[in-house]
Amino acid sequence: MNDQQALGPLQPESGPRLTDSNRVALGFSKASTPILKRLQQSGLISSIRWPSGAPDPESDPLPEEAPLSWLQRHWSTSSAVVAVGACGLVTRLIAPLLDDKQRDPAVLVIDPQGRFVIPLLGSHAAGADQLSHEIAALLGAEVVITGSSGSEGRLALDAFGGSWGWRRGSGDWNRLMRQLAADRLPVVHQSSGLTLWQELEAAGPLRITGEQSDAEGIWIGPERGEGCRWHPPCLWLGIGCERHTSAALLQRLVDDTLAREMLAPEAVAGLASIDRKGDEPALLELAENMGWPLRLFSAEQLAAVPVPNPSAVVEQEMGTASVAEAAALLASGASDLRIAKTIARAQADERGAATLAVAVATGQWAPQRGELHLVGSGPGTLDLLSPDARRALARATVWVGYSLYLDLLEPLRRPDQLRREGRLTQERARCAEALQLAQAGMRVALISSGDSGIYGMAGLALELWLQQPHDHRPAFAVHPGLSALQLAAARAGAPLMHDFCTISLSDRLTPWAVIEQRLQAAAAGDFVVALYNPRSRDRDWQLPRALELLAQERPASTPVVLARQLGRSDESVSLHRLGELPVEQVDMLTLLLIGNRSSLIRDGVMVTPRGYPGAELA
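First things first, this report covers the structure right here in the doc. (Residues numbered from 1 in each chain as written. Predicted model: local features only at pLDDT ≥ 70, side-chain atom pairs only at ≥ 80, totals over all residues. Heavy atoms only, no water.)

## Digging into the packing of helix α15 (residues 427–439) against helix α16 (residues 458–466)
For any two helices packed against each other, one specifies the crossing angle of their axes together with the interaxial distance.
1) Next: Orientation of α15 relative to α16, taken along the N-to-C sense of each, is 50°, at an axis distance of 9 Å. By the criterion of interaxial angle, the relationship of α15 to α16 is oblique. Note on packing geometry: the crossing formed by α15 with α16 is right-handed. Along the contact surface, α15 presents E427, R428, C431, A432 and L435, while α16 presents L460, A461, L464 and W465.
2) Next: Residues of the contact of α15 with α16, tallied by class, amount to 7 nonpolar, no polar and 2 charged. (Axes fitted to C-alpha atoms, helices over the stretch in contact; angles between N-to-C directions. Helix = DSSP H or I, 4+ residues; strand = E, 2+ residues; numbered from the N terminus. Parallel < 35°, antiparallel > 145°, perpendicular 65-115°, else oblique. Left-handed = near helix turned anticlockwise from the far one by under 90°. Contact = heavy atoms within 4.5 Å. Nonpolar A, V, L, I, M, F, W, Y, C, P; charged D, E, K, R; others polar.)

Encoded structure:
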């Protein structure tokens, strides 16, 4: 396998999981075609019914099929239906198809001009509200929320847990939401899982407790019982078994044990065992059927864990006195077991024997559900934020970034989205926090100014991601932004029309000797040079030295763009000469563009000709 094949698309082997492959869309007039094309290009939609006479990009085998017949074919297998047309028409069309709000797909309506996105059906449980925000970000549209929770900035208590990596359990959710609409706020009891959600603005009115009680309300934890239940992925099932134990025996052991102890399968984070069981068919089948990751440990790792029920027989055979109990404790990080070793032996039509132990993690773990989005926010103004970046921000539950960058994006943040700030020099800590939240099963936006892949967070985040075992990696996607050098060039004219390079003058991560080598090479190669991080209070000598090196290969009359606070209210862009640059005006909020030998200033703009003298464009 070559390096390119090994790296792949920067996603786990299971695919990006950034869109739902079972979303469909339809239009009723030619006016809907541009909107449908944008939805198709975004990857949000898997199948489209094009209006009669519209060009068919081969996304559906029966483009001329009647709308109702087409919907009937897709209704039961779709997670969402997006209709471009009138609300009344869509309402009458779907009326005969409605069955149960827990099974019906989300239904969204977009006007043919793409100005408004309306979640018509399945706002909470089916995810219509969330999808509406993503589509609105893509189209530059406005979301029209009619539900009481969304329109009033409150948490949709019957749906919000999905954004936090949880699975919804039992309960009379309809009754709960009716009480909420009548301003009867439930008590929320939380015993496990992430508690950061409690910092949300939308969670402000709720009364939250970690204490057990008989009060009605919402329960967040691994237990089954009365009330409405959210289950964070916090249970680790340690399993040991004889070779060639039946898959039915393992499934029975798990089902019976969890049921007896009133624990929800939805709360299982994964399975754990000894590495010698990594090829055990029954264990692999259980993991695949239930969608649970399997974590394996060596005998040496397991032997170091104190357990309540060690076995001399197991130690003699496996090199550790415990498999199930030790694996559950090791995977969960807990100090005590929730369920000690339980043994199941073969019944009729079964073979083998197995042991099961259960531990509850203090946190939660579901990287297969998580997403880490590296978002380039552009230079600062929201007008220059790309639709792709807007969609990633709308999709994310948590925004992680430096406070200044988050402030610039604040108008886009909803009350149900959490803001996590970090200091300017703590990039690694921000990356680590974002990765950990995504591994917990969340959709996380890690935000950089400009382009995340140009002196941004994408490289460091990807390094940390690559250090994780494959089954610890959440989905990873980079969303490019407009870089400062592009905006500076646009403001100044056309200075980047020939070969150019970027160099950071910060020697915090790169030795100054290396920076000097790059400056000399850029000067000798006659590149247009963009200088990032040119000057700060503590680094005031590097810029004059850089200018000195560049001046060795180009004249003092070389044009220079001095661009400061690009895309912000106090933006300033000015043109200078290399020999007369006002160094004292340069700081860390400034970008410099230094021309090559052919760059020139004329009538207040800077341009670098596309070719050198004597060359002709074909």
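What follows continues from the structure just given.
## Looking at the pairing of strand β27 (residues 590–594)
1) Next: Burial runs high along β27: 5 of the 5 residues are buried.
2) Next: Alignment of strand β24 (residues 528–532) against β27, held across 3 bridges, turns out to be antiparallel. Each residue of the ladder has a partner; that of L531, found in β27, is L592.
3) Next: Bridge analysis of strand β25 (residues 559–564) against β27 gives 5 bridges, and the strand direction is antiparallel. (Buried < 20%, exposed > 50% of the residue type's maximum accessible area, 1.4 Å probe, protein only. Pairing = 2+ DSSP bridges.)

## As for the packing of helix α5 (residues 128–139) against helix α13 (residues 387–395)
1) Next: Following both chains from N to C, one finds α5 and α13 inclined at 165°, their axes separated by 7 Å at the closest point. By the angle between their axes, α5 is roughly antiparallel relative to α13. For α5 against α13, the interelement crossing comes out right-handed. Between α5, through Q130, H133, E134, A137 and L138, and α13, the contact on the second element is made entirely by P387, R390, R391, A394 and R395.
2) Next: Its residues assigned to classes, the contact of α5 with α13 comprises 4 nonpolar, 2 polar and 4 charged.

## Notes on the packing of aromatic side chains
1) Next: Evaluated as defined, the whole model comprises 10 aromatic pairs.
2) Next: Summarising the aromatic geometry, the rings of W166 and W197 are spaced 6.4 Å apart at their centres and angled 90° between planes, so their arrangement reads as edge-to-face. Taken together, the residues W166 in the loop between α6 (148–151) and β7 (167–168) and W197 in the loop between β8 (187–190) and β9 (207–209) connect sequence positions 31 residues apart.
3) Next: Overall, W166 belongs to the buried group, its relative accessible area being 1%.
4) Next: Plain terms: the ring middles of Y455 and Y532 are 4.8 Å apart, the flat faces sit at 50° to each other, and that makes the pair tilted. Separated by 77 residues along the polypeptide, Y455 in the loop between β20 (443–448) and α16 and Y532 in strand β24 bring together distant segments of the chain.
5) Next: Residue classification places Y455 among the partly exposed positions, given a relative accessible area of 45%.
6) Next: Each member of the aromatic cluster is reached from another via a ring pair, and the members are F160, W166, W173, W197 and W230.
7) Next: Across the ring face of W365, the terminal group of R295 is positioned such that the distance to the ring centre comes to 4.9 Å. (Phe/Tyr/Trp six-rings, centres within 6.5 Å; stacked < 30°, edge-to-face > 60°. Lys NZ or Arg CZ within 6 Å of the ring centre and 35° of its normal.)

## With respect to the sheet that holds strand β28 (residues 600–602)
The strands making up a sheet associate through hydrogen bonds between their backbones, and the pairing can be parallel or antiparallel.
1) Next: Pairing is mixed across the open sheet formed by 3 strands, whose spatial order is β22-β29-β28. Taken across any chain shown, the strands that pair with only one partner, and hence form the sheet edges, are β22 (493–494) and β28.
2) Next: The sheet contact formed by β28 and strand β29 (residues 605–607) spans 3 bridges and is antiparallel. Bridged to L600 within β29 is V607.

## Topic: the sheet that holds β8
1) Next: The 5 strands are arranged β7-β11-β10-β8-β9 in an open sheet whose pairing can be described as mixed. Each of the sheet's edge strands pairs with one partner strand only, and the pair in question is β7 and β9.
2) Next: Where β7 and strand β11 (residues 228–231) come together, 2 bridges link them in antiparallel fashion. Among the inter-strand pairings, R168 is bridged to a residue of β11, identified as W230.
3) Next: Contacts from helix α7 (residues 173–181) reach β7, β10 (217–220) and β11, with the element oriented near 105° to β11.

## Quick word on α5
1) Next: Here α5 is 12 residues long and its end C-alpha atoms lie 16 Å apart, about the 16 Å a rise of 1.5 Å per residue gives.
2) Next: Most of α5 sits inside the fold, with 11 of its 12 residues counted as buried.
3) Next: Taken together, the buried positions of α5 are A128, D129, Q130, L131, S132, E134, I135, A136, A137, L138 and L139.
4) Next: One or two steps after α5, the chain reaches G140, where phi turns positive at roughly 70°. (Expected span 1.5 Å × (residues − 1).)

## With respect to the environment of Q72
1) Next: As for its position among the elements, Q72 is in helix α3 (residues 67–74).
2) Next: Taking the relative accessible area as the measure of exposure, Q72 reaches 47% and is therefore partly exposed.
3) Next: Between the C-alpha atom of Q72 and that of L97, which follows or precedes it by 25 residues, the distance is 7.3 Å.

## Observations concerning the nonpolar core
1) Next: Counting residues in each nonpolar core, the largest one holds 43 residues, and the members touching the most others are L155, L157, W164, W197, L372 and L446.
2) Next: Put simply, the parts of the chain that give this core at least two residues each are α7, β10, β11, β17 (371–376), β18 (398–402), α15, β20 and α16.
3) Next: Of all the elements, α16 adds the most residues to this core, at 6 residues.
4) Next: Aside from chain neighbours lying at most four places away, what touches L372 is A434, L435, A438, V444, L446, A475, F476 and A477.
5) Next: In this structure, L237, L250, L263 and V358 belong to the second largest nonpolar core, which totals 24 residues. (Core = buried A, V, L, I, M, F, W, Y, C linked by side-chain atoms within 4.5 Å.)

## Notes on the side chain of R154
1) Next: Mapped onto the elements, R154 comes out in the loop between α6 and β7.
2) Next: Polar side-chain contacts of R154 include one of 3.2 Å to the side chain of D183. (Polar contact = N/O pair within 3.5 Å; in protein donor to acceptor, adjacent residues only side chain to side chain.)

## Digging into unusual backbone geometry
1) Next: Of note, the phi angle at H244 is positive, near 65°, even though the residue is not glycine.
2) Next: When its relative accessible area of 49% is taken as the criterion, H244 is described as partly exposed.
3) Next: Phi is positive for D526, which is not a glycine, with a value near 60°.
4) Next: Looking at the element boundaries, D526 is found in the loop between α18 (512–524) and β24.

## Structural notes on the pattern of salt bridges
Between side chains of opposite charge, a pair can form when the charged atoms approach closely.
1) Next: The tally for this structure, following the rule as stated, stands at 27 salt bridges.
2) Next: The partner of R338 in a salt bridge is E223, with the nearest N and O atoms 3.2 Å apart. Placement of R338 in the loop between α12 (324–332) and β15 (339–345) and of E223 in the loop between β10 and β11 is noted, with a sequence separation of 115 residues between them.
3) Next: Of the charged contacts in the structure, one is a salt bridge between E410 and R419, with a shortest N-O distance of 2.9 Å.
4) Next: Bridged by salt links that share partners, the residues E201, D407, E410, R413, R419 and E421 form one connected network. (Salt bridge = Lys/Arg side-chain N within 4 Å of Asp/Glu carboxyl O.)

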